[in-house]
Protein chains: 2
Amino acid sequence: MKLQTLIFTVAISAILGMNGCAPKQGTNTPTQKNIKTERFKSTDANLQKLTDIAFEKSYGYEITRSLTTEIGSRLAGSKNEARARDWAMDKFKELGFKDVQINLFHVDGWARGREQAFIVIPHLEKGDYEPQKLFVTALGGSVATPEGGITADLAFFENFEALKNAAKGGLDGKIVYITGKMEKTRDGAGYGPANQKRRNGATEAAKRGAIAVLIRSVGTDSHRFPHTGQMGYEDGVKKIPIGALSAPDADQIDRMFANANAEAESGKTVRVHLELATKNLGRLPSGNVYADIIGSTHPEEIVMIGAHLDSWDLGTGAIDDGAGVGIVMGAAKVLMESGFKPERTVRVILFGSEEIGLKGGFAYAKQHKDELGAIVVATESDFGAAQIYGLQAGKGATNKASTDRLYSKLKYLGLEMVAGKADGGPDIIPLNRKGVPVIDLKQNGYDYFDLHHTPDDTFDKIDPKEMAQNVAVYANFIYLASKANVDFSDNKNGE
Amino acid sequence: MKLQTLIFTVAISAILGMNGCAPKQGTNTPTQKNIKTERFKSTDANLQKLTDIAFEKSYGYEITRSLTTEIGSRLAGSKNEARARDWAMDKFKELGFKDVQINLFHVDGWARGREQAFIVIPHLEKGDYEPQKLFVTALGGSVATPEGGITADLAFFENFEALKNAAKGGLDGKIVYITGKMEKTRDGAGYGPANQKRRNGATEAAKRGAIAVLIRSVGTDSHRFPHTGQMGYEDGVKKIPIGALSAPDADQIDRMFANANAEAESGKTVRVHLELATKNLGRLPSGNVYADIIGSTHPEEIVMIGAHLDSWDLGTGAIDDGAGVGIVMGAAKVLMESGFKPERTVRVILFGSEEIGLKGGFAYAKQHKDELGAIVVATESDFGAAQIYGLQAGKGATNKASTDRLYSKLKYLGLEMVAGKADGGPDIIPLNRKGVPVIDLKQNGYDYFDLHHTPDDTFDKIDPKEMAQNVAVYANFIYLASKANVDFSDNKNGE
């Protein structure tokens, strides 16, 4: 009893401590400004009301806290992803949604097992040597190393291009090592180029006779976390295992190669022991969960906002994409609480199995193929929880007049108009390809790839005020887009 | 052949890339300023020469690079610590030291094995549940859990005081969980209070019937690394295992307790599976390595600068204390290269087994007990590689006039006079207790406990310019202190 009282007291203190403290000055967010809510003043009283609710109630932040604390990681096809669908069903109902739908589909299940790596021959081979541990993780979809692992010399490549330009053959029995840093930018433009080694490294190495691949993680941090992420194999090419090393471990190997090179005549090299015990689990269930606020005058027309419910297995999927889940569910809750009735239907959708190839988006496009024309605009929040800085119009089919009008209404929340063409977000791409109009609400992703796909993707990294700004932007957006006179469906006014 | 050429080319690029790039803007160092070397202008041409060499040559940085790359981690009593002594012997000779000494002693060897933890019952028990992984590490010296680990409910304590104030008994079969954050300060003042749970948590929990302890790591970061460090047992109290959780994992448990409390009547709790497979290795060799620049006129008088050669096993011991090794060896090299002959002998000493209880310092005090009076002043660099901001006079026995004169000469390097009493650094404490005069050259430790005792303590975290400032300060210090007319041996001028 005494203990229970104690626990009660300290738990209450913990709650107060958590709520009472200033927004976390995460070391991962040096570029984030403190959000100045007092500058978010709209001339439109209805929009202001939505923004005020978003900042007062913290719905988004609390939803993300619930998902990441109660479920944790949510790997595509896993039991935890299934539990997250149940969580979503309950949470939608708790928020006041009436009709919640789950659309199941199936995916190829995959899981990591024991994984470890060591440098067994470094520059200095003197004396009785203890191997240097490397922080490694298998890339999603990778085959396993043979049981007990493999031990082989590394073949060094400065980047993926260097490997692609290397002669076919000559790497028999080697582990290809691909280093090279990713550029850190607000819009994540460095991800695509850096990601080639993750996607295609195993294939290009196998074509040259290698038995495995290690890459410097696709990420922008200097912490000892490897970044996972889906890899790919090319049909007809031998499948070899591929893992990622943390940035400091890659730095260490780069230094050893510099040393080895300085003594090249001695034949010194860097030899590594690598064990990646992955397994394929066969077909497993995954699914999309969605709920609607039914439109008052045009219920058949849909404004869709989404996020993805699955995450990688290493962290608890807070910025990728628990934050998105909180932002879109929270925005819909804000709209409900405002009392404003949307003229069109607002659909909040949480996709499954995004991480392993946008499976949820493709499944929706297939399962709802005859209803895609009903979607007047769609967008997905899947780039963390930092402040939204801009609106970007969609590929080809977004009406410029409507987008401009939308922008004129949203800019008070700190937005700029962003050049280039939106794709709507990963799971919206399959819908956009079928003609669904899209926009992007661009988040500051400068620090996103510090945490992306690592164990460090946890709830403490989210700033509640930045998150509230996201919820406010989405609440404003769905309110505006659900007006029946707004047309995103065609680009009649040129561009 | 072709591959070798390729490797050669990319390795050269890697070297250029490493040397050519701007000082690392580590995300761990938000408070560090860029070092403005142009402001380090002394009116004393000799001091200026030492500083110029320190910044031009990067000896300290290169020495630390060599140690952390070629040896890696250096656990007390391990084979790698022995290799580090060989490395030190070679490095001293390479730098031009003639007479290098190794003083061996023995320590109780300890090593970690397999270690893992999972939350098996969280707040939400619905559905088929996958345990949530916790990032855990055994504290140094901890006994192991029974084979296969233990599974038990956590008993929550807000901090170590709450545990000490709890009734004896009542925790039978529980795992005590102690949370509570460490304060982040420039001088590391938060370490002592936060460290009580690490030092004494196992004893206080065992007195109350608990079977194991988990603490929120003693550290100031929000990354998913547990911080290790030496723990202690009290004679006559049952030894139970103790491990540390990363800050985000502790946050997760704190949130679960907040949830569990909100539904206290349901009897929900947080249950954890914990496995810490540590082992005692018996008596193992450790040792101190030192080398002298012999004094030109008073060779029998010693100015001692030290650091410790051992590290914890999780990282590569870069800031703790590869940096110190680089700083003191580098400073001596700068003095040698300047051509100035010290009047007194300058002794550079690298202690062994500091991490497990200042074993190297105690061994030196014992092995050299009849020569301690020859040391005119001693200090150790063991607080990272960030800029030195101050000089602090020693406990009781430091001559104020000499310290003031030293300060007036050193302040051009950005130093202030720091109140309080120096202890000389961890391994110098045993010497200071025997009357050896000490000073502290205080480093900015604001970010030190972000990395301290974690896997993330790696070479990439060191800023070469900050490190060069350290080397300059130490080179200036040994030059000045080795003048025969400087007396640190008594506090004749009051205080």
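Residues numbered from 1 in each chain as written. Chains lettered and ligands numbered in written order. Predicted model: local features only at pLDDT ≥ 70, side-chain atom pairs only at ≥ 80, totals over all residues. Heavy atoms only, no water.

1. Examining the overall build of chain A
Going by this rule: Secondary structure elements follow DSSP: runs of H or I no shorter than four residues count as helices, runs of E no shorter than two count as strands, and numbering proceeds from the N terminus. Note on classification: 1.4 Å probe, protein chains only; a residue is buried when its accessible area is under 20% of the maximum for its type, exposed when over 50%, partly exposed between these limits. Note on contacts: a residue pair qualifies if any of its non-hydrogen atoms lie within 4.5 Å across the two residues. Accessible surface area values rest on a Shrake-Rupley calculation with a 1.4 Å probe, where residue burial reflects the displayed protein chains alone.
Regarding its fold elements, chain A presents 13 helices and 16 strands. Counting only residues that meet the buried cut, chain A has 63% of its 495 residues in that class. Of the contacts made within chain A by residues no fewer than 6 positions apart, 84% connect residues no fewer than 24 positions apart. When the accessible surface of chain A is summed, it comes to about 18,000 Å², and 51% of that surface belongs to carbon and sulfur atoms.

2. Quick word on the sheet that holds strand 11 (residues 298-308) of chain A
All names here are of chain A. Our working rule: When DSSP finds at least two bridges between two strands, those strands are taken to pair. For every element, the axis is a line fit to its C-alpha atoms; helices are fit only across the contacting stretch, and the angle between N-to-C directions ranges from 0 to 180 degrees.
Across the sheet, which stays open at both edges, the 5 strands sit in the order 1-10-12-11-13 with mixed pairing between neighbours. Two strands bound the open sheet, and with one partner strand each, they are strand 1 (100-111) and strand 13 (375-380). Within this sheet the neighbouring strands show an average axis-to-axis angle of 20°, counted without direction. Contacts between helix 4 (residues 79-95) and the sheet are confined to strand 1, strand 10 (279-293) and strand 12 (344-351), with strand 10 contributing the most and set at about 10° to the helix.

3. Here's the deal with the sheet that holds strand 15 (residues 416-417) of chain B
Residue and element names in this part refer to chain B. An order of 15-14-16 is seen for the 3 strands of this open sheet, with the pairing classed as mixed. Only two strands of the sheet have a single neighbouring strand rather than two, namely strand 15 and strand 16 (439-443). Relative to strand 16, strand 14 (residues 388-393) runs antiparallel, the two being bridged by 5 bridges. Pairing of leucine 391 across the sheet is with leucine 441, part of strand 16. Of the strands in this sheet, strand 14, strand 15 and strand 16 are in contact with helix 10 (residues 400-410), which crosses strand 14 at around 170°.

4. Observations regarding helix 13 (residues 464-481) of chain B
All names here are of chain B. Put simply, the rule reads: To estimate how far a helix should extend, the number of its residues minus one is multiplied by 1.5 Å. Any N or O atom pair separated by 3.5 Å or less is treated as a polar contact, with the protein-specific requirement of one donor-capable and one acceptor-capable atom, and with residues adjacent in sequence counted only for side-chain atom pairs.
With 18 residues, helix 13 extends 25 Å between its outermost C-alpha atoms, agreeing within 8% with the 26 Å of an ideal straight helix rising 1.5 Å per residue. Most of helix 13 is tucked away, with 16 of its 18 residues classed as buried. N-capping of helix 13 is provided by aspartate 463, with a side-chain oxygen placed 2.8 Å from the backbone N of lysine 465.

5. Topic: the environment of histidine 308 of chain A
All names here are of chain A. Position of histidine 308 among the secondary structure elements: in strand 11. Under the relative-accessibility criterion, histidine 308 is labelled buried at 0%. For the pair histidine 308 and phenylalanine 351, spaced 43 residues apart in sequence, the C-alpha to C-alpha distance is 4.4 Å. Those residues in contact with histidine 308 that sit more than four places away from it in its chain are Asp320, Asp321, Val325, Phe351, Glu354, Glu355, Glu380, Asp382 and Asp427.

6. Focus: the pairing of strand 6 (residues 175-178) of chain A
All names here are of chain A. The cut-off we apply is this: If the strands point away from the viewer and the path from the first strand over the helix to the second runs clockwise, then the crossover is right-handed.
Residues Ile175 and Tyr177 of strand 6 are buried on one face, and the alternating residues Val176 and Ile178, pointing to the opposite face, are buried as well. Of the strand pairs in this sheet, strand 6 and strand 7 (residues 212-216) are connected by 4 bridges, and their pairing is parallel. Directly across from isoleucine 175, in strand 7, lies its bridge partner alanine 212. Since strand 6 and strand 7 lie parallel, the crossover through helix 6 (residues 191-207) that links them has a hand, and here it is right-handed.

7. Here's the deal with the packing of helix 3 (residues 59-70) of chain A against helix 13 (residues 464-481) of chain A
All names here are of chain A. How we decide: Working definition: roughly parallel below 35 degrees, roughly antiparallel above 145 degrees, roughly perpendicular at 65 to 115 degrees, and oblique for all remaining angles. Under the scheme applied, nonpolar residues are Ala, Val, Leu, Ile, Met, Phe, Trp, Tyr, Cys and Pro; charged residues are Asp, Glu, Lys and Arg; polar residues are all the others, including Gly.
Across the interface, helix 3 lies against helix 13 with an axial gap of 8 Å and an inter-helix angle of 115°. In terms of orientation, helix 3 lies roughly perpendicular with respect to helix 13. Packed against helix 3, whose contacting residues are Gly60, Tyr61 and Thr64, the element helix 13 presents Pro464, Met467 and Val471 at the interface. Considered class by class, the residues forming the contact of helix 3 with helix 13 number 4 nonpolar, 2 polar and no charged.

8. Some thoughts on the packing of aromatic side chains
All names here are of chain B. Stated formally: Here a pair means two rings of Phe, Tyr or Trp (six-membered ring of Trp) with centres within 6.5 Å. Their orientation is stacked below 30 degrees between planes, edge-to-face above 60, and tilted elsewhere.
Enumeration over the complete set of coordinates arrives at 25 aromatic pairs over all chains. When the ring of phenylalanine 383 is compared with that of phenylalanine 449, the centres are 5.9 Å apart and the planes differ by 65°; the resulting orientation is edge-to-face. With phenylalanine 383 in the loop between strand 13 (375-380) and strand 14 and phenylalanine 449 in helix 12 (residues 448-451), this pair connects stretches of sequence that are 66 residues apart. Classification of phenylalanine 383 by relative accessible area gives buried; the value is 18%. The class of phenylalanine 449 is buried, set by a relative accessible area of 4%.

9. Observations regarding the environment of threonine 278 of chain A
All names here are of chain A. Structurally, threonine 278 is set in the loop between strand 9 (271-276) and strand 10. Taking the C-alpha atoms as reference, threonine 278 lies 7.4 Å from tryptophan 110; in sequence the two are 168 residues apart. In this view, threonine 278 contacts Trp110, Ala111, Arg112, Gly113, Ala138, Ser142, Val143 and Ala144; residues no more than four positions away in its chain are not counted. One polar contact links the side chain of threonine 278 to the main-chain amide nitrogen of alanine 144, over a distance of 3.1 Å.

10. Focus: helix 4 of chain A
Along an α-helix, residues three or four positions apart point the same way, because every turn accommodates 3.6 residues. All names here are of chain A. With 17 residues, helix 4 should cover 24 Å at 1.5 Å per step; its first-to-last C-alpha distance of 24 Å lies within 8% of that length. All of the buried residues along helix 4 are Asn80, Glu81, Arg83, Ala84, Arg85, Trp87, Ala88, Lys91, Phe92 and Leu95. As for helix 4, its buried residues are in contact with helix 3, strand 1, strand 10, helix 8 (318-338) and strand 12. The backbone nitrogen of asparagine 80 has a side-chain oxygen 3.3 Å away, supplied by the residue at the start of helix 4, namely serine 78. Looking at the residues trailing helix 4, positive phi occurs at glycine 96, about 110°.

11. Here's the deal with the packing of helix 3 (residues 59-70) of chain B against helix 8 (residues 318-338) of chain B
Residue and element names in this part refer to chain B. Heads up, the rule is: Each crossing gets its hand from how the near helix is turned against the far one by less than a right angle, where anticlockwise is left-handed and clockwise is right-handed.
Packing of helix 3 against helix 8 brings their axes to within 7 Å, and their N-to-C directions diverge by 135°. In terms of orientation, helix 3 lies oblique with respect to helix 8. Every pair of crossing elements has a handedness; the one defined by helix 3 and helix 8 is right-handed. Here helix 3 contributes Tyr59, Gly60, Ile63, Thr64, Leu67 and Thr68 to the contact with helix 8, which in turn contributes Ala318, Gly322, Ala323, Val325, Gly326, Met329, Gly330, Lys333, Val334 and Glu337. Its residues placed into classes, the contact of helix 3 with helix 8 shows 8 nonpolar, 6 polar and 2 charged.

12. Considerations on the side chain of arginine 224 of chain B
Along the polypeptide, arginine 224 of chain B turns up in the loop between strand 7 (212-216) and strand 8 (242-245). Look at arginine 224 of chain B and you get buried, because its relative accessible area is 4%. Within the structure, arginine 224 of chain B has its side chain in polar contact with the backbone oxygen of leucine 314 of chain A (distance 3.4 Å). For arginine 224 of chain B, the side chain forms a polar contact with the main-chain oxygen of lysine 133 of chain B, separated by 3.2 Å. Once residues lying within four places of it in the same chain are set aside, the contact partners of arginine 224 of chain B are Phe225, Leu314, Gly315, Pro455, Asp456 and Thr458 of chain A together with Lys133, Phe135, Ser246, Pro248 and Asp249 of chain B.

13. Considering the pattern of salt bridges
Pairs can form between side chains of opposite charge once their charged atoms are near each other. Put simply, the rule is: Note on definitions: salt bridges are taken to be side-chain nitrogens of Lys or Arg within 4 Å of carboxyl oxygens of Asp or Glu.
Counting across every chain of the model gives 44 salt bridges over all chains. With its nearest N and O atoms 3.3 Å apart, the salt bridge here joins glutamate 115 of chain A to arginine 112 of chain A. Among the residues examined, glutamate 115 of chain A registers a relative accessible area of 22% and is labelled partly exposed. A salt bridge links arginine 112 of chain B to aspartate 313 of chain B; the nearest nitrogen and oxygen atoms lie 2.6 Å apart. With arginine 112 of chain B in the loop between strand 1 (100-111) and strand 2 (115-121) and aspartate 313 of chain B in the loop between strand 11 (298-308) and helix 8, this pair connects stretches of sequence that are 201 residues apart. Residue classification places arginine 112 of chain B among the buried residues on the basis of a relative accessible area of 14%. Each of Glu204, Lys207, Arg208 and Glu234 of chain A takes part in salt bridges that share partners, so that together they form one network.

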